[in-house]
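Geometric and topological summary
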Amino acid sequence: MPASPPPPPPARVLSGVQPSGASGSQHLGNYFGAIQQQIALQDELPGEVYYFIADYHALTTVHDGEALRANCHELAITYLALGLDPAKAALFRQSDVPEVAELAWLLASVTGMGLLERAHAYKDKVANGLKPSAGLFFYPVLMAADILLYDATLVPVGKDQLQHVEFAQDMATYFNQAFAGGADVLRRPEPRLSRTPLVPGLDGRKMSKSYGNSIPIFESGKRLRKLVGQIVTDSTELGQPLPFESCNVFALLRLVCAEDELAEIAGWYQAGAREGKPFGYGHAKQHLAAKLDALFAPARARREHLLAHPEEVDAALAAGAARARPVARATLERCRRACGLG
Ligand code: ADP
Ligand code: TRP
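To continue, consider the side chain of Asn176. In this structure, Asn176 sits in helix α8 (residues 162-180). What makes Asn176 buried here is its relative accessible area of 5%. Side-chain polar atoms of Asn176 contact the backbone oxygen of Leu186, separated by 2.9 Å. Not counting residues within four places of it along the chain, the set of residues in contact with Asn176 comprises Gly181, Gly182, Ala183, Asp184, Val185 and Leu186.

Looking now at the site of ligand 1. Near ligand 1 you find His27, Gly29, Asn30, Gly33, Ala34, Gly158, Leu198, Val199, Lys206, Met207, Ser208 and Lys209, and these make up its full shell. Between ligand 1 and Asn30, the relevant distance is 3.1 Å, taken from an oxygen atom to a side-chain nitrogen or oxygen of the residue. Bound to the protein, ligand 1 loses 78% of the 540 Å² it would expose on its own. Classifying every residue of the shell around ligand 1 gives four nonpolar, six polar and two charged.

A few words on the site of ligand 2. Around ligand 2, a shell composed of 14 residues is seen, among which Gly16, Tyr139, Met143, Asp146 and Gln161 lie nearest. With respect to ligand 2, the side chain of Tyr139 contributes an N or O atom lying 2.6 Å from a nitrogen atom. The side chain of Gln161 places a nitrogen or oxygen atom 2.9 Å from a nitrogen atom of ligand 2. When the free accessible area of ligand 2 is taken as 370 Å², the share hidden by the protein chains comes to 89%. Of all the elements in the fold, those that place two or more residues in the shell around ligand 2 are β1 (13-17), α7 (134-149) and β4 (154-157). The biggest single contributor to the shell around ligand 2 is α7, with four residues. Looking at the shell around ligand 2 residue by residue, the classes come out as eight nonpolar, five polar and one charged.

What follows is about the pairing of β4. On β4, burial covers both faces: Leu154 and Pro156 on one face and Val155 and Val157 on the other are all buried. Where β4 lies against strand β5 (residues 190-193), four bridges are found, and the strand directions are parallel. In the strand pairing of β5, Leu154 is matched with Glu190. Since β4 and β5 lie parallel, the crossover through α8 that links them has a hand, and here it is right-handed.

So, on to the pattern of salt bridges. In the structure shown here, the tally under the stated rule is 15 salt bridges. Arg12 is paired through a salt bridge with Glu48; the nearest N and O atoms lie 2.8 Å apart. Taken as a pair, Arg12 in the segment before β1 and Glu48 in the loop between α1 (28-44) and β2 (49-53) lie far apart in primary sequence, 36 residues in all. Judged by relative accessible area, which is 13%, Arg12 ranks as buried. For Asp43, the salt bridge identified is with Lys88, shortest N-O distance 2.6 Å. Separated by 45 residues along the polypeptide, Asp43 in helix α1 and Lys88 in the loop between α3 (65-81) and β3 (89-93) bring together distant segments of the chain. Each of Glu99, Arg325 and Arg329 takes part in one network of salt bridges that share partners.

It is worth spelling out the packing of helix α4 (residues 99-108) against α7 at this point. Two elements in contact, α4 and α7, have axes separated by 8 Å at closest approach and are oriented at 115°. Crossing angle aside, the handedness with which α4 passes α7 is right-handed. On α7, the residues touching Glu99, Val100, Leu103, Ala104, Leu107 and Ala108 of α4 are Phe138, Val141, Leu142, Ala144, Ala145, Asp146, Leu148 and Leu149. Here the contact of α4 with α7 is built from residues that sort into 12 nonpolar, no polar and two charged.

A few words on the domain arrangement of the protein. Partitioning the protein into domains gives domain 1 (11-199 + 310-339) and domain 2 (219-295). Here the C-alpha centre of domain 2 lies 37 Å away from the C-alpha centre of domain 1. On the domain 2 side, the residues contacting the four residues of domain 1 number five residues. Among the residues of domain 1 in contact with domain 2, Leu28, Phe32 and Val199 are the three that bury the most area, contributing 87% of the side total. Applying the counting rule to domain 1 against domain 2 returns zero salt bridges. Between domain 1 and domain 2 we count zero residue pairs in polar contact (both at pLDDT 80 or more) in total.

Rules behind the numbers
Residues numbered from 1 in each chain as written. Chains lettered and ligands numbered in written order. Predicted model: local features only at pLDDT ≥ 70, side-chain atom pairs only at ≥ 80, totals over all residues. Heavy atoms only, no water. Helix = DSSP H or I, 4+ residues; strand = E, 2+ residues; numbered from the N terminus. Buried < 20%, exposed > 50% of the residue type's maximum accessible area, 1.4 Å probe, protein only. Polar contact = N/O pair within 3.5 Å; in protein donor to acceptor, adjacent residues only side chain to side chain. Contact = heavy atoms within 4.5 Å. Near = heavy atom within 4 Å. Areas by Shrake-Rupley, 256 points an atom, 1.4 Å probe, with all protein chains shown as cover. Nonpolar A, V, L, I, M, F, W, Y, C, P; charged D, E, K, R; others polar. Pairing = 2+ DSSP bridges. Right-handed = clockwise from strand over helix to strand, strands pointing away. Salt bridge = Lys/Arg side-chain N within 4 Å of Asp/Glu carboxyl O. Axes fitted to C-alpha atoms, helices over the stretch in contact; angles between N-to-C directions. Left-handed = near helix turned anticlockwise from the far one by under 90°. Domains from an automatic or database assignment. Buried area = accessible area lost by both parts, 1.4 Å probe.

Here it is, written out as C-alpha cells:
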C-alpha cells in the first residue's frame, strides 16, 4: 500500500501590535478593526494563536524605557480585559523571545536593498518627519522574522501592513532558495485583512491616534457621552428625516447593534421621530453612548482588576513567552543548520 502523505501542519495565527502610543490609547478603530477579530480567532484555532507586543519595533520611535514598559503593560491589560484567554492564545512580549533578532539577521543576508526601498510604511514615516534610522529601514526584516519564526500561516493585519506580510513571503522564498535548495525550511504566511470597514472618528475621518479624533475603548460615563457628543453630523433640523447612510453616529451604531435593533434605529432616522416624539442626532448619540458604555462594562471591570493585580499580567506574559520560545528555537535551529551555522 502506498504511504499516505503526512498531514499538513496545523494553521497558525500570528500578529503583533506596537506599544508606541500613550498608555490606554487603544480606540474603537483598533477594537473593531483589529482586536475583536484577533481575539475571536482563539476559538477557531485554540492553541495555535500567537500575539505579541512589538517592543523591539517600538524602539524605532520610543526612546524612553519607562514609557515603553508602561505601554507594554497597558497593552497586555487591554487584550486580557477584552477577552484574550492565555489558555487559548499565547500573549507575549516580542523581546522575551530574542531569537527573532537572529532570524532577522539571517533574512537580511538574503534580502535585496531594492525590496526594502519599496516599503510604503518606511517612506510614509520619513515623509512624516521620522528620522530615517537604520532600524526604521530594517523594520520589515524584523517583522518578517516575527512571522516566519513561528511558522505562521495566517497573519491578521490592517491594509497598511499588507506589503510587510508580502515581504515576509518574499524573504521566506529567498531564504529557502539560497540555503535549502527551495525546500520549505521557512513556511509561507498569508495575510488576513480585517472585515470591518474603516471606523470613523469624531471628525468623520478614519479614527486614529494621530488625528486626535478617537474614542478610547475604556472611556465611560460622562466623559464618553461628551466625546460621543462631539461626533460631526450634518445640520438637519430636529424632527426632519435624517440620512443614516452617511451618518458617522450610525456608522458606529452599526458596530454595536444587532441587525433588528439597527433596522429599528434606521426607522427612527427615516421618520425623524421615535414613538411619536422628534428624533435627532442628539438622541442617536445618547443611544450610541449608552450602547458603548454597556458593551465595554465587563471589559472595564476586568481592566480595573488587572490594574490592581500587575502580577497576573506578568504571569500571562510569562506563560505566553514560555509557549512561544520553544517554537522559535526549533525554527531558528532549522535555519541555522540550513545556513551552515553552529
Ligand atoms: P492608529 O491609526 O490609531 O495609529 P494603528 O495604525 O496602530 O492605529 O492600527 C492598529 C490596528 O488597528 C491596525 O490593524 C489597523 O488596521 C486597525 N485600525 C486602526 N484604526 C482603525 C480604524 N479607524 N478603522 C478600522 N481599523 C483601524
Ligand atoms: N508592524 C505592525 C504594525 O505597526 C506590528 C507588527 C510587528 C506585526 N511585527 C508583526 C504585525 C508581525 C503582524 C505580524 O501594526
